[in-house]
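# Understanding the architecture of this molecule
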Amino acid sequence: MVTAERLAELIEGESPMEADGIEDADRDCPECGGDVITVDYMPSVTELVTGYKCQDCDWSTTDR
């Protein structure tokens, strides 16, 4: 099972400073219709980001 830190890294492209738990995003992937999970993480000291990642394909996005 993937950790919150690893999920944030997959979304961001680099390791975050900190990441919280993984949750179900209650939305479907716009590319394949698969389940989407979410993680809150801090890529820097001044930024908190919510990232979304499909469990079935490579799609991901953030709330930036």
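All values reported here derive from a predicted model rather than from experimental measurement. (Residues numbered from 1 in each chain as written. Predicted model: local features only at pLDDT ≥ 70, side-chain atom pairs only at ≥ 80, totals over all residues. Heavy atoms only, no water.)

This brings us to the nonpolar core. One recurring pattern in soluble globular proteins: nonpolar side chains tend to sit buried together. Core analysis: the largest hydrophobic core is formed by 9 residues, namely Ala4, Leu7, Ala8, Ile11, Ala19, Ile37, Val39, Tyr41 and Val49. Listing elements by their share of this core, those giving two or more residues are helix 1 (4–12) and strand 2 (35–44). Considering each element in turn, this core owes the most residues, 4 residues, to helix 1. Not counting chain neighbours up to four residues away, the residues in contact with valine 39 comprise Ala4, Leu7, Ala8, Ile11, Ala19, Asp20, Gly21, Val49, Thr50 and Gly51. (Core = buried A, V, L, I, M, F, W, Y, C linked by side-chain atoms within 4.5 Å. Buried < 20%, exposed > 50% of the residue type's maximum accessible area, 1.4 Å probe, protein only. Helix = DSSP H or I, 4+ residues; strand = E, 2+ residues; numbered from the N terminus. Contact = heavy atoms within 4.5 Å.)

What follows is about the sheet that holds strand 4 (residues 60–62). As summarised here, the arrangement of the 4 strands in space is 1-2-3-4, forming an open sheet in which the pairing is antiparallel. If you trace the sheet from one side to the other, it starts and ends with strand 1 (18–28) and strand 4, each paired once. In this sheet, adjacent strand axes meet at a mean angle of 25° when their direction is disregarded. Relative to strand 2, strand 1 runs antiparallel, the two sharing 6 bridges. Bridging across to strand 2, aspartate 24 finds its partner in isoleucine 37. Relative to the sheet, helix 1 contacts strand 1, strand 2, strand 3 (47–54) and strand 4, its axis offset from that of strand 2 by approximately 85°. (Pairing = 2+ DSSP bridges. Axes fitted to C-alpha atoms, helices over the stretch in contact; angles between N-to-C directions.)

For the rest of this paragraph, the subject is the pattern of salt bridges. Counted by the stated rule, this structure contains 3 salt bridges. The shortest N-O distance in the salt bridge between arginine 64 and glutamate 12 comes to 2.9 Å. Separated by 52 residues along the polypeptide, arginine 64 in the segment after strand 4 and glutamate 12 in helix 1 bring together distant segments of the chain. The class of arginine 64 is exposed, set by a relative accessible area of 54%. One salt bridge connects arginine 64 with glutamate 47, and the closest N-O pair in it is separated by 2.8 Å. Here the residue arginine 64 occupies a position in the segment after strand 4, and glutamate 47 occupies one in strand 3, the gap between them amounting to 17 residues. One network of salt bridges, in which partners are shared, links Glu12, Glu47 and Arg64. (Salt bridge = Lys/Arg side-chain N within 4 Å of Asp/Glu carboxyl O.)

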